[in-house]
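Descriptive analysis of the structure
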Amino acid sequence: MTSRLLAATLCLLLSGLAQAQPQPQTGSLSVTLTQVRDARGQVRVGLYQDPKTFRKEAQAFAVQQVPATPGTVQVRFTNLPPGRYAIMAYHDENGDGELNRRLGMFPTEGYGLSNNPKVMGPPQFEDSAFQVPAAGQAVSIEIRY
């Protein structure tokens with residue numbers, strides 16, 4: 001009887017070990033937005049992983065929205081798998097949930113991109129891309145009007 005109990009215990013232990021899988025490491029991303037003009041509306045921050053979906057908020061990896069505050073606004077993304085990301089943020093002053101543009105091209109609300117690149121034409125993922133390691137990352141983005 002003792003050998004059967006020992007064998008059953010051993011089987012249970014081994015099956016538990018076989019099912020235990022290492023959990024993927026995740027990190028966090030702290031985003032500081034600077035030079036927010038005023039407290040009207042919201043600040044929206046889109047986090048992107050795929051260059052094909054960059055700037056298409058409906059296809060973002062994650063989106064955060066916080067009330068606008070003059071000066072500096074903080075946003076935090078958690079449980080991010082390590083990898084390459086890019087951010088587009090904007091001050092949605094009128095609260096309509098989109099970056100308004102004049103003639104469909106020129107932003108009429110403040111916006112910013114990770115790495116703060118100078119852009120001529122539509123921003124590109126590669127200009128704003130950065131790594132988020134498992135230990136986490138912090139970035140600062142200047143909102144430009």
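Since this is a predicted model, take the numbers as computed values, not measurements.

Rules of the game
Residues numbered from 1 in each chain as written. Predicted model: local features only at pLDDT ≥ 70, side-chain atom pairs only at ≥ 80, totals over all residues. Heavy atoms only, no water. Helix = DSSP H or I, 4+ residues; strand = E, 2+ residues; numbered from the N terminus. Buried < 20%, exposed > 50% of the residue type's maximum accessible area, 1.4 Å probe, protein only. Contact = heavy atoms within 4.5 Å. Areas by Shrake-Rupley, 256 points an atom, 1.4 Å probe, with all protein chains shown as cover. Core = buried A, V, L, I, M, F, W, Y, C linked by side-chain atoms within 4.5 Å. Salt bridge = Lys/Arg side-chain N within 4 Å of Asp/Glu carboxyl O. Pairing = 2+ DSSP bridges. Axes fitted to C-alpha atoms, helices over the stretch in contact; angles between N-to-C directions. Phe/Tyr/Trp six-rings, centres within 6.5 Å; stacked < 30°, edge-to-face > 60°.

Turning our eyes to something else, we now look at the overall build of the chain. On a plain count of helices and strands, the chain comes out with 2 helices and 10 strands. Ordering the α and β elements of the chain from the N terminus gives α-β-β-β-β-β-β-β-β-α-β-β. Looking at the 145 residues of the chain, the share that counts as buried comes to 37%. For the chain, the share of sequence-separated contacts (at least 6 apart) that also reach a separation of at least 24 residues comes to 70%. Total accessible area on the chain is roughly 8900 Å²; 55% of this is exposed by carbon and sulfur atoms.

General note: in soluble globular proteins, nonpolar side chains tend to be found buried as a group. Of all hydrophobic cores here, the largest spans 21 residues; its most connected members are L29, V31, L33, V43, V45, F77 and I87. Residue assignment for this core shows that the elements contributing at least two residues are β1 (27-36), β2 (42-48), β4 (71-80), β5 (83-92), β9 (130-132) and β10 (137-142). Each residue touching L33, except ones within four places of it in the same chain, is listed here: V43, V45, G71, T72, V73, A89, I141 and I143. Listed in part, the 11 residues of the second largest apolar core include A86, M88, L99 and Y111.

Before going further, it helps to examine the pattern of salt bridges. With the rule as written, the count across this model stands at 7 salt bridges. Residues R40 and E93 are paired through a salt bridge, measuring 2.7 Å at the closest nitrogen-oxygen approach. Residue R40 is located in the loop between β1 and β2, and its partner E93 is located in the loop between β5 and β6 (101-102); the two are separated by 53 residues in the primary sequence. Residue class for R40 comes out partly exposed when judged on its relative accessible area of 47%. Judged by relative accessible area, E93 falls into the buried class, the value being 14%. The salt bridge involving E142 is made with R144; its shortest N-O contact spans 3.7 Å. Put simply, R37, D38, R40 and E93 are held in one network by salt bridges that share partners.

Examined against the element boundaries, Y111 turns out to sit in strand β8 (residues 111-113). Spatially, the C-alpha atom of Y111 lies 7.9 Å from that of L99, the residues being 12 residues apart in sequence. Ignoring any residue separated from it by four or fewer positions in sequence, one finds Y111 in contact with A89, Y90, L99, V119, E142, I143 and R144.

This next bit is on the sheet that holds β4. Within the open sheet, the 3 strands sit side by side as β4-β1-β10. Their pairing is mixed. Looking at strand neighbours, the two that pair on one side only are β4 and β10, the edges of this open sheet. Across this sheet, the average inter-strand angle for adjacent strands is 20 degrees, counted without regard to direction. Of the strand pairs in this sheet, β1 and β4 are connected by 7 bridges, and their pairing is antiparallel. Residue G27 lies in a different strand from β4, and its bridge partner there is L80.

Our focus in this paragraph is the packing of aromatic side chains. Applying the stated rule across the entire model yields 3 aromatic pairs. Ring centres of F61 and Y85 lie 5.7 Å apart, and the angle between their planes is 65 degrees; this geometry places the pair in the edge-to-face category. Of this pair, F61 sits in the loop between β2 and β3 (62-67) while Y85 sits in strand β5, placing them 24 residues apart in sequence. Judged by its relative accessible area of 0%, Y85 falls in the buried class. Joined through ring pairs, the aromatic side chains of Y48, F54 and F125 make up one cluster.

Functional significance is not addressed by these values, which are geometric in nature.
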